[in-house]
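Letter by letter, the chains look like this.
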Amino acid sequence: MLPRLARFIHVIRFQKVSKVYARGARPALDRIELEVERGEFLFLVGASGSGKSTFLRLVLREERPTKGKVFVAGKDLSTISQWKVPHLRRGIGTVFQDFRLLENKTVYENVALALQVIGKPRHHVASTVPETLEMVGLAGKEKRFPHELSGGEQQRVAIARAFVNRPGILLADEPTGNLDPTTSVGIMRLLDRINRTGTTIVMATHDDEIVDQMRKRVVELVDGQAVRDQARGVYGAER
Amino acid sequence: MRVRFVLANCFQGLRRNLAMAVSVMLVTFVSLTFVGAAVLVQMQIANMKDDWYDAVEVSVFLCPDSSSAPTCASGEVTDEQAAEVLEVLESDSLSAYVDEVYTETKEEAHEAFQEQFGDQDWASRVTAEQMQMSYRVSLHDPEQYQVVADEVSGRTGVESVVDQRAILEPLFLVLNRVTALSAGLAAVMTLTAVLLITTTIRLSAMSRSKETSIMRLVGASNFFIQLPFMLEGAIAALAGAALAITGLWFGVNYLVEGWLAESFVWVNFVDTGDVWTIAPLLIGIGILLAAISSLVSLSRYTRV
């Protein structure tokens, strides 16, 4: 495929990417070669320390690769300047296992913050936030504080915050890690809906039930190496 | 939206770290007060020099008939000797320094003497014959006294050369020492202010690290993240500057205008107008303090 064309199809591309945190240590990622297409839903599975989080941090440019190149939305992250990193991140939503909500702000304020800090006009915030909260199933809970919500609801707030700016990519780092199976299913339905709007989703997880149910593309990392890349895959190939 | 959001963040930070913000304000207040005092004392010195150096002159006293000075060994100055000294003073070589030479005769000296001390019993017994003749020399630049003194002192018939300016020197010396003391304290307090503002911003940044990490994650620009912290420092420092200006204004208003100027009417003192003149300087220094502190602390604690 022509490289010029490739950048329109692959939203994320890893080109022989290695990441070594400490000199002499085992690499957290080892020569990863991976392409994620627009609108794809990708599970990144593997044990703790297999390199899933490092992968996500490289996409966000919180880390730079030791070797190789990372492309996001056609841009080589090694060439974009430091002050343009915020613009890159505006196109990427991120969700974490621990929700990372601000306890002293209401549900509405937590979601609105994401738009306010990138300078969106007030009328845009006022119309987009309720719409997004409704989409994630939190209509009527705008004025609640995070501690008044269940874990699943808190994660929905976090997803609303990540998605409120309509990013092209959503990264999820163990989003169901703190939730019970029933609640997790609800969160996965929500992510699936977001995926259907055309948003590319990369989800790091070791929740085998979810992966087996969803039947999406699965990339398995073991000690920083991609050992399996399977369309409509399951968590463990051997099971 | 942006402005309101940034200000809300900033005031929230000030509220959370109120004690620190107040201490920043007070330290800035004290340091800028000393800076202002040093500047005002220098302005006072300049005022006095302007006023008094025009009036001061170099007096060349000629020998009276009973002087013990070695240059007066031959007795009272003769007319030729007096003419010779005048010639030197009015010569081309000194014309660059000498503005005007005024001859004060014995009679005139007696008159001035009587005017000053005439009501005293002993003074009325002093006769014109006991006075001495002198040349009063005004200079273009009073600082060039030494050149003139070197030319005429030591000549026969010249008893002594007196620089009236020398009378003022001790006063200026005291004022200059006050300036140095004030500036020294200002320097120490300014350093304290920078360190304190740095600490305040750091604490503020730490207490909001979760917030800033989320802001970074959703793509807020560095400037946007750091602005509230910078404003916190700047507001505290500006409040300190405002206090310093107020303090100096009251000081000058009550101490100088209300008391010194009443007691010493012949001195042209600094006034509250001068305080307003240096106000922008103090505000500028306050902003500079906050800016330097922000740069030092923020680059380290709120990195992307």
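Residues numbered from 1 in each chain as written. Chains lettered and ligands numbered in written order. Predicted model: local features only at pLDDT ≥ 70, side-chain atom pairs only at ≥ 80, totals over all residues.

A. Main features of the overall build of chain A. Each helix and strand in chain A was counted, giving eight helices and ten strands. In summary, chain A has a C-alpha radius of gyration of 18 Å against a globular reference of 18 Å for 239 residues, a match within 12%. For chain A, the spread of C-alpha atoms along the three principal axes comes to 50 × 45 × 35 Å. When burial is assessed residue by residue, chain A has 42% of its 239 residues classed as buried. Partitioning the contacts of chain A with sequence separation of at least 6, the portion at a separation of at least 24 is 69%. (Helix = DSSP H or I, 4+ residues; strand = E, 2+ residues; numbered from the N terminus. Rg over C-alpha atoms; globule rule 2.2 N^0.38 Å. Buried ≥ 20, exposed ≤ 12 C-beta atoms within 10 Å, placed from the backbone. Contact = placed C-beta atoms within 7 Å.)

B. Local environment of the interface of chain B and chain A. Taken residue by residue, the interface counts 15 residues in chain B and 17 residues in chain A. For the side of chain B that touches chain A, the secondary-structure elements that each account for two or more residues are helix 1 (2–16), helix 7 (209–217) and helix 8 (222–263) of chain B. Sort the elements by how many residues they give to the side of chain B that touches chain A and helix 7 of chain B lands first, with five residues. Residue classes in the side of chain B that touches chain A are distributed as nine nonpolar, three polar and three charged. (Nonpolar A, V, L, I, M, F, W, Y, C, P; charged D, E, K, R; others polar.)

C. A look at the sheet that holds strand 2 (residues 98–104) of chain B. All names here are of chain B. Across the sheet, which stays open at both edges, the four strands sit in the order 2-3-1-4 with antiparallel pairing between neighbours. The sheet is open, and its two edges are formed by strand 2 and strand 4 (158–163), each paired on a single side. For this sheet, the mean angle separating the axes of adjacent strands, direction not counted, is 20°. Across the sheet, helix 3 (residues 79–89) is in contact with strand 1 (58–62), strand 2, strand 3 (134–139) and strand 4; its angle to strand 3 comes to roughly 0°. (Pairing = 2+ DSSP bridges. Axes fitted to C-alpha atoms, helices over the stretch in contact; angles between N-to-C directions.)

D. How the structure looks around the sheet that holds strand 4 (residues 67–72) of chain A. Residue and element names in this part refer to chain A. Spatially, four strands are ordered 2-1-4-5 in an open sheet, and the strand pairing comes out antiparallel. The sheet terminates laterally at strand 2 (29–37) and strand 5 (75–76), the two strands that pair on one side only. Sheet topology places strand 4 next to strand 5; two bridges connect them, and they run antiparallel. Bridge pairing in strand 5 places valine 72 opposite lysine 75. In the packing of helix 2 (residues 52–59) onto the sheet, contacts are made with strand 1 (10–19), strand 2 and strand 4, and the angle to strand 1 comes to roughly 120°.

E. How the structure looks around the environment of Ser48(A). Residue and element names in this part refer to chain A. Within the fold, serine 48 resides in the loop between strand 3 (41–45) and helix 2. The class of serine 48 is exposed, set by 8 C-beta atoms lying within 10 Å. C-alpha of serine 48 to C-alpha of threonine 132: the two residues are 84 residues apart in sequence and 32 Å apart in space.

F. Seen up close, the packing of helix 4 (residues 107–116) of chain A against helix 5 (residues 122–135) of chain A. All names here are of chain A. The contact between helix 4 and helix 5 brings their axes to 10 Å, and the two run at 125°. Considering their axes alone, helix 4 and helix 5 lie oblique with respect to each other. Read as a crossing pair, helix 4 and helix 5 show a hand that is right-handed. Side by side, helix 4 and helix 5 meet where Val107, Tyr108, Val111, Ala112, Leu115 and Gln116 of the first sit next to His124, Val125, Thr128, Val129, Thr132 and Leu133 of the second. Across the contact of helix 4 with helix 5, the residue classes break down as eight nonpolar, four polar and no charged. (Parallel < 35°, antiparallel > 145°, perpendicular 65-115°, else oblique. Left-handed = near helix turned anticlockwise from the far one by under 90°.)

G. Broad picture of the domain arrangement of chain B. The domain boundaries assigned to chain B delineate domain 1 (2–52 + 169–301) and domain 2 (57–163). Computed from C-alpha coordinates alone, the two centres of domain 1 of chain B and domain 2 of chain B are separated by 53 Å. (Domains from an automatic or database assignment.)

H. Structural detail: the pairing of strand 9 (residues 217–222) of chain A. Residues and elements named next belong to chain A. As paired elements, strand 3 and strand 9 share four bridges and run parallel to each other. Across the sheet, the residue bridging to valine 45 is glutamate 220, located in strand 9. As paired strands, strand 9 and strand 10 (residues 225–230) are joined by five bridges and run antiparallel to one another. By the bridge assignment, valine 222 is partnered in strand 10 with glutamine 225. Between strand 9 and strand 10, which pair antiparallel one after the other, the connecting turn spans two residues, and aspartate 223 there sits at a positive phi close to 50°.

I. Inspection of the environment of Gln230(A) at higher detail. Within the secondary structure, Gln230(A) sits in strand 10. Linking Gln230(A) and Glu220(A), residues ten residues apart in sequence, is a C-alpha distance of 8.7 Å.

J. Main features of the environment of Thr182(A). All names here are of chain A. Among the secondary structure elements, threonine 182 is positioned in helix 7 (residues 181–196). The class for threonine 182 is exposed, based on 8 C-beta atoms found within 10 Å. Between the alpha carbons of threonine 182 and glycine 152 there is a distance of 9.5 Å; along the sequence they are 30 residues apart.

K. Structural view of helix 1 of chain B. Residue and element names in this part refer to chain B. Spanning 15 residues, helix 1 covers 21 Å between terminal C-alpha atoms, matching the ideal 21 Å at 1.5 Å per step. Where helix 1 is concerned, the buried positions are Asn9, Cys10, Gly13 and Leu14. Projected down its long axis, helix 1 shows its buried positions confined to an angular sector of 135°, all on one face. Counted as exposed and oriented over 90 degrees from the buried face of helix 1: Arg4, Ala8 and Arg15. (Expected span 1.5 Å × (residues − 1). Arc of directions from axis to C-beta.)

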